[in-house]
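Report on the structure
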Amino acid sequence: MYMQVKDLSIKYGTKMILKQIQMNLQKGEVASIIGPNGAGKTTLLKSMASIIPVERARIWIKDRDIRSYSANELAKTLGYVPQHTAFGYPLTVLETVLLGRKPYMQWNVTAHDLEVAGAIMERLQLAEMAQRYMDELSGGERQKVLIARALAQEPEILLLDEPTSALDIRHQLEVLELVRQLALQQQVLVVLIMHDLELAARYSDRVFLLQQGQIYASGRPEEVFTSANMEQVYGVKVEIGQGSSGLKLTATLPESR
Amino acid sequence: MQRPIQAIYHGSVKSKLLILTSLFLLLVLLTLYAVSQGAVEVALPELLAILSGRASDEMTAYIVYEIRLPRMVMSIITGVSLACAGAIMQAILRNPLADPFTLGVSSGAAFGAALAIVAGTSVFGINLVSSGQWMIALNAFVFGCLAVGAVYGIAKLKNSSTTVLLLAGVAIGQLFSAGVSGLKFFSNNEALKDLVVWLMGGFWGAKWQVLHILLPLVIISLVLLLKYAWDLNSLCAGEDVARTLGVNVKQVRWVCLLLVTLMASVTIAFTGIIGFIGLVAPHISRIIIGTDYRFLLPCSCLMGALLLLLSDTAARMVLSPIEIPVGIITALFGAPFFVYLLLKKRKDYWA
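Residues numbered from 1 in each chain as written. Chains lettered and ligands numbered in written order. Predicted model: local features only at pLDDT ≥ 70, side-chain atom pairs only at ≥ 80, totals over all residues.

**Digging into helix α12 (residues 277–289) of chain B**
Residues and elements named next belong to chain B. What counts here: Helix and strand definitions follow DSSP, with helices as H or I runs of at least four residues and strands as E runs of at least two, each counted in order from the N terminus. One less than the number of residues in a helix, times 1.5 Å, gives the span that helix is expected to have. Three exposure classes are used, all based on how many other C-beta atoms lie within 10 Å of a residue's own C-beta (placed from the backbone): buried at 20 or more, exposed at 12 or fewer, and partly exposed between those limits. Contacts here follow a simple rule: the backbone-placed C-beta atoms of the two residues must lie within 7 Å.
With 13 residues, α12 should reach 18 Å at 1.5 Å per residue; the first-to-last C-alpha distance of 17 Å fits that figure. Counted residue by residue, α12 has 11 buried out of 13 residues, so it is predominantly covered. Within the sequence span of α12, burial applies to I277, G278, L279, V280, A281, P282, H283, I284, S285, R286 and I289. Where α12 is buried, its residues contact α1 (4–36), α3 (58–92), α13 (293–317) and α14 (326–344). One or two steps after α12, the chain reaches G290, where phi turns positive at roughly 95 degrees.

**Structural notes on the sheet that holds strand β6 (residues 78–81) of chain A**
Residue and element names in this part refer to chain A. To keep things clear, this is the line we draw: We treat two strands as partners when DSSP finds at least two bridges between them. All axes are obtained by fitting lines to C-alpha atoms, using only the stretch in contact for helices, and the reported angles, taken between N-to-C directions, cover 0 to 180 degrees.
With mixed pairing, the 6 strands of this open sheet are ordered in space as β6-β7-β8-β3-β9-β10. In the strand order of this sheet, the two ends are held by β6 and β10 (214–219), each with one partner. Strand-to-strand twist of the sheet, defined as the mean angle between neighbouring strand axes without regard to direction, takes the value 15 degrees. Taken strand by strand, helix α1 (residues 41–48) contacts β3 (30–34), β7 (157–161), β8 (189–193) and β9 (206–211), and its axis lies near 150 degrees from that of β8.

**A look at the interface of chain A and chain B**
Interface size, as often reported, equals the accessible area lost upon joining of the parts. If you look at the interface, chain A gives 32 residues, while chain B gives 28 residues. Elements that contribute at least two residues to the side of chain A that touches chain B include exactly α2 (71–77), β6, α3 (93–99) and α4 (111–123) of chain A.

**Describing the confidence of the model for chain B**
Residue and element names in this part refer to chain B. Stated formally: Note: pLDDT gives the predictor's confidence per residue, expressed from 0 to 100.
The predicted model of chain B averages 85 in pLDDT, with 93% of residues at 70 or higher. Of the regions scoring below 50 in pLDDT, residues 121–130 engages in 14 contacts with residues more than four places distant in sequence or in other chains. Across the interface, the model reports ipTM at 0.87; the global pTM reads 0.87.

**Brief notes about unusual backbone geometry**
Positive phi, normally seen in glycine, also occurs at D7 of chain A, with a value near 55 degrees. Within the element layout of this structure, D7 of chain A appears in strand β1 (residues 3–12). Since 11 C-beta atoms lie within 10 Å of it, D7 of chain A is described here as exposed. Backbone geometry places F276 of chain B, a non-glycine residue, at a positive phi of 80 degrees. Position of F276 of chain B among the secondary structure elements: in the loop between α11 (249–271) and α12.

**Section: the packing of α3 of chain B against α13 of chain B**
Each pair of packed helices can be described by the angle between their axes along with the distance between the axes. All names here are of chain B. Here is the rule we go by: Convention used here: angles under 35 degrees read as roughly parallel, angles over 145 as roughly antiparallel, angles from 65 to 115 as roughly perpendicular, and any remaining angle as oblique. Handedness of each helix crossing follows the sense of rotation of the near helix against the far helix: counterclockwise by less than a right angle gives left-handed, clockwise gives right-handed. Any residue that is not Ala, Val, Leu, Ile, Met, Phe, Trp, Tyr, Cys, Pro, Asp, Glu, Lys or Arg is counted as polar, Gly included; the first ten are nonpolar and the last four charged.
Closest axis-to-axis distance for the α3/α13 pair is 7 Å, and the angle between their directions is 140 degrees. Between α3 and α13, the interaxial angle falls into the category oblique. As α3 packs across α13, the resulting crossing turns out to be right-handed. Seen from α3, the contacting residues are M72, S75, I76, T78, G79, V80, L82, A83, C84, A87 and A91; seen from α13, they are Y293, L296, L297, S300, C301, M303, G304, A305, L307, L308, L309 and D312. Across the contact of α3 with α13, the residue classes tally to 17 nonpolar, 5 polar and 1 charged.

**Here we look at the sheet that holds strand β4 (residues 59–61) of chain A**
All names here are of chain A. In space, the 4 strands of this open sheet follow the order β2-β1-β4-β5, with antiparallel pairing throughout. Of all strands in the sheet, those bounded by a partner on one side alone are β2 (15–25) and β5 (64–65). Where β4 and β5 come together, 2 bridges link them in antiparallel fashion. In the strand pairing of β5, W60 is matched with D65.

**Overview of α1 of chain B**
If you check α1 of chain B, its first and last C-alpha atoms are 48 Å apart, about what 33 residues at 1.5 Å a residue would give, namely 48 Å. Taken together, the buried positions of α1 of chain B are occupied by I5, Y9, L23, L27, T31, A34 and V35 of chain B. Check the buried side of α1 of chain B and you find it contacts α3 and α4 of chain A together with α2 (44–51), α3 and α13 of chain B. Following α1 of chain B by one or two positions, G38 of chain B has its phi on the positive side, about 145 degrees.

So, in structure tokens, the structure goes:
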């Protein structure tokens, strides 16, 4: 098993945010976490990235407790792309991508670091804007740079918190295609938080549906996206059909008929 | 054949090194000029002769070595220390308004100095200029650290977030300011004058003895801080991301704040409160050299030294032979220049 979440519960004060989460994730798969607002998706992803400390041996990567990884070791294994990126003082695109080499670098940027960063930037078509500042970019470009930064860590696991939420449809598809290629070609395990259910269905190998801190259903997209599950978790009526490129979901509020 | 990214990276490093070199040369020239100017003017050939140890006139050599040079070195090292402290504070607190004094060093130090000046001079009759200077410095240093210690303590009790640090800094600062106001109110005229002059900051007390303490301390802190350059860069991407990049956020934050507090409190203990440099020098540097702390930190230091030496030279010369407190000059010329840069800049990065 590549990455495991074993019976993870997280409490803030007296409020249970996550309850007994179990996940078994394989190398090279794309897994989506979906669920309504406040279901605990971001908390789950952040504990998987070790940003939120976990008290006992609940998260395992390659049969090792995540807490036994040093900060640098973990940074070489796992990349994380946050949902909101607050800007401090803006770095250039190149500087931002080079940050991903932080776990490998001392003070100097080596030729190898530049090679890795350069290859990723070329692949994501960012080489042209290497010298531009992050705050001058569009939302889609910025998201790609942040993914490039995570990829520069050369991670085996990539965690993305709503990577498509701020993007137009073209950029959404670009980002998801990229993610799928990474899983297919480089055997990266990708875990995404998604709001768009159709895209989640189309691009994921596995879906975890969260409700109030618990996994309500998990499995292949067509197993999870059922009218019954959707109605129970989101409180909406959903008609599910087959489109040409995947599942087609039409949601309506129960009171409007 | 070089790949484009490599070429871009090496090009930008080269231009940044060029900026640093030019600033350094500018600083050397300004120092030579500043040393030659004053009540006794020392022409350049004579100055170079004195500096190379072939003094023709002992009196002039004495003025250069014992009066002017310590003062120039003092203003350079003060500029370096305050600008460096400011740049670090702005990164750690993620706040463009942060400066070396944000966490209460200056108000604590002011209270300590006031205590020494008002109570010390009036009760024990100690002369301010000689042994009193050490007492004031020690007092300022102790109370400066005390204030910051209190702020850290409060933040630690809560959740160590930057917001709590900032707010605790404001509260503790006000507390010590009230103390200073109280001491001002109860002091006699002479002590009040001394206190006001100390609060405005200046380099009257510059001596080699003082520099023997300051120089090693500032240089060691600077080297240690430079080692954290990539960690500070990572913090620009947010604390969560920095953590996933392998940065020990807590450790970086406390070590940096500790070093910065040490630098700032020791420096202002001898010079008094010199404001503005620590806020402005890092911002000007960010505009000309970018955010990468490997270059921003040295650039801020050079910029701080340049600005402060320039201000001090102006303070000595504008109304010669009267010397204006340097704090007045830094604000008087610095503020409009800063506003100009703000308006001219490509974009506001704190939006």
